[in-house]
Amino acid sequence: MNFIEFLSPLLRRNKLFVSLFVVFFIVFFGLAKLIPDAQKTTVYFSVKPVVSSQPMSTSLDPIESASKVAEAVSGWAKDPGFRNEILSTAEVEIKNFKRKLTARRQNRLNVFWTIKLSKPEWQHAEKITAALLEVFNKNFSDLNEQSSTPFEISSPSVSRDLREFPFSWIILASLLISLFLSFLGVYLYEAFTDRVSFVQTVWEVFPDSPIMRINQKVGAHNPSLLEQFIITFESPRLISTFSGAEKFFQLAPLDAIDEELDVPILLVKLGETKVRDLENMLAIFGDEIGIIVFEK
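Numbering of residues starts from 1 in each chain and follows the order in which that chain's sequence is written. In keeping with the predicted nature of the model, local features appear solely for residues at pLDDT of at least 70, side-chain atom pairs appear and are counted solely at 80 or more, and the whole-chain, interface and lining totals rest on all residues. Excluding hydrogens and water, the side-chain figures rest on all heavy atoms present in the structure.

## Observations concerning the overall build of the protein chain
Here comes step 1: Each helix corresponds to a stretch of at least 4 residues labelled H or I by DSSP, and each strand to a stretch of at least 2 residues labelled E; elements are numbered beginning at the N terminus. If you tally the helices and strands in the protein chain, you get 10 helices and nine strands.
Here comes step 2: To get the radius of gyration, use the C-alpha atoms; to get the globule rule, take the number of residues to the power 0.38 and multiply by 2.2 Å. Rg of the C-alpha trace for the protein chain: 36 Å, well past the compact-globule value of 19 Å for 296 residues, more than 25% over.
Here comes step 3: Put simply, 78% of the contacts in the protein chain that link residues at least 6 apart link residues at least 24 apart.
Here comes step 4: Summing over all exposed atoms, the protein chain offers an accessible surface of approximately 17700 Å²; the carbon and sulfur share of this is 56%.
Here comes step 5: Of the charged side chains in the protein chain, 31 are positive and 35 negative, and the gap between their average positions amounts to 12 Å. Should any heavy atoms of two residues lie within 4.5 Å, those residues are counted as being in contact. Reported accessibility uses the Shrake-Rupley method at a 1.4 Å probe radius. Residues are deemed covered only where the shown protein chains occlude them. Charge convention: Lys and Arg are scored as positive, Asp and Glu as negative, and His as well as the terminal groups of each chain are ignored. All charge positions are set by atom: Lys at NZ, Arg at CZ, Asp at CG, Glu at CD.

Below is the structure:
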């Protein structure tokens, strides 16, 4: 099967393809425009043990102890009381703040806090960041007072990034996704409606039968070419597997065909003939038949 044959369902069902493309493009373009721009603030610092001349009262080495502390403070982001204290200190209200504040530990001692705010909330970014550091330092001091081993944090590094999708990216992504889904939709339509999409399917059902391929639509074909093929059979009788063939051919009813004397000639149209009909013809007449396939 060459590339043109592979694309034949799209060429046959170009109206369906274009309709699906327009629908998918409108849907995905609209959804993409609904994705809000976001501002991400990242606060980064490291937890490290305070060097002391006093003997340590823990069985863990200083780095391992600091790693445990870094893991513990990362969990504060999930504490509703900690989040509420940040908002109270900043004197702002942020809806669904628990989904906008996260923290994670990296490389044992490093901690990353992330604040994601939607565009209307960007004006509060400075206040919330300052409140986060204030509340964190307060809680960290309380933790240190209760710990037999003192720890400290490095100077926090604060960075901000904007997540916004350029209009050109939205257009390109919508085009590519719509093309793929429209392409897939045409093939799935023919597959789920049991249509014969490719000549390869006819060969698989009738591997030993002679097949003539016509690269024109029914009615626009060369009648002399079909006649040359048909007269190679003794007592040929035309049978159609798709509707509308009776306008251009003289068809024979199935019950009028003498299996001993006549040779059935199946008229097949890609995208219209059903695989089940081909299998039924094989069950009735066997593979001693001729087949004419219209590919458009």
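## What to know about the side chain of arginine 83
Here comes step 1: If you trace the backbone, arginine 83 turns up in helix α5 (residues 80-90).
Here comes step 2: To sort residues, take the accessible area from a 1.4 Å probe on protein chains only and compare it with the maximum for the residue type: under 20% means buried, over 50% means exposed, and anything in between is partly exposed. We define a salt bridge as a contact between a side-chain nitrogen of Lys or Arg and a carboxyl oxygen of Asp or Glu at a distance within 4 Å. The buried charged residue arginine 83 lacks any salt bridge, with aspartate 79 as its nearest oppositely charged partner at 6.7 Å.
Here comes step 3: What qualifies as a polar contact is a pair of N or O atoms within 3.5 Å, subject to a donor-acceptor requirement within protein and to the restriction that residues adjacent in sequence count only when both atoms come from side chains. Within the structure, arginine 83 has its side chain in polar contact with the backbone oxygen of alanine 77 (distance 2.9 Å).
Here comes step 4: For arginine 83, the residues in contact, after removing those within four places along its chain, are Ala77, Lys78, Phe97, Lys98 and Leu101.

## Digging into the sheet that holds strand β8 (residues 263-269)
Here comes step 1: Strands qualify as paired when DSSP identifies two bridges or more between them. The four strands lie next to each other as β6-β9-β8-β7, forming an open sheet whose pairing is parallel. The open sheet is flanked by β6 (211-214) and β7 (236-240), the only strands paired with a single partner. Each strand of the sheet is rotated relative to its neighbour by a mean of 20°, with strand direction disregarded.
Here comes step 2: When β6 meets strand β9 (residues 290-294), the two strands line up parallel, connected through four bridges. Bridge pairing links methionine 212 to isoleucine 292 in β9. Every axis in this analysis is a line fitted to C-alpha atoms, fitted for helices over the stretch in contact. Angles between the N-to-C directions lie between 0 and 180 degrees.

## Details of helix α6 (residues 125-146)
Here comes step 1: By definition here, a helix of n residues has an expected span of 1.5 Å times n minus one. With 22 residues, α6 extends 32 Å from end C-alpha to end C-alpha; this agrees with the ideal 32 Å at 1.5 Å per step.
Here comes step 2: Residues of α6 that are buried sit in contact with β1 (38-49), α4 (62-74), α5, β3 (110-118), β4 (151-153) and β5 (157-163).

## Details of the pairing of β9
Here comes step 1: The element β9 is extensively covered by neighbouring structure, given that five of its five residues are classed as buried.
Here comes step 2: The pairing of β8 with β9 spans five bridges and is parallel. When the sheet's bridge partners are listed, valine 268 is paired in β9 with valine 293.
Here comes step 3: When the strands point away from the viewer, a crossover counts as right-handed if the route from the first strand across the helix to the second turns clockwise. A crossover connection joins β8 to the parallel β9 through helix α10 (residues 275-285); in handedness this β-α-β unit is right-handed.

## As for the packing of aromatic side chains
Here comes step 1: Stacked, tilted and edge-to-face pairs are distinguished by plane angle, under 30 degrees for stacked and over 60 for edge-to-face with tilted covering the rest, among Phe, Tyr and Trp rings (Trp via its six-membered ring) whose centres lie within 6.5 Å. For the structure shown, the criterion picks out 18 aromatic pairs.
Here comes step 2: Here tyrosine 44 and phenylalanine 112 contribute two aromatic rings whose centre-to-centre distance is 4.7 Å and whose plane-to-plane angle is 35°, an arrangement assigned as tilted. Of this pair, tyrosine 44 sits in strand β1 while phenylalanine 112 sits in strand β3; the two residues are 68 residues apart in sequence, bridging distant segments of the chain.
Here comes step 3: Judged by its relative accessible area of 17%, phenylalanine 112 is buried.
Here comes step 4: Within the aromatic cluster, the residues linked to one another by ring pairs are Phe45, Trp76, Phe82, Trp113, Phe136 and Phe140.

## What about helix α9 (residues 223-230)?
Here comes step 1: The set of residues buried in α9 consists of Leu226, Phe229 and Ile230. The buried side chains of α9 occupy one side of the element, clustering within an arc of 95° when seen end-on.
Here comes step 2: In the core, the buried residues of α9 are packed alongside β6, β7 and β9. Picture the helix axis, draw a direction to every C-beta atom, and the arc is the one those directions span.

## Side note on the environment of threonine 89
Here comes step 1: Within the secondary structure, threonine 89 sits in helix α5.
Here comes step 2: On the basis of relative accessible area, threonine 89 is assigned to the partly exposed category, the value being 31%.
Here comes step 3: Distance in space between the C-alpha atoms of threonine 89 and glutamate 134 is 8.3 Å, their sequence separation being 45 residues.

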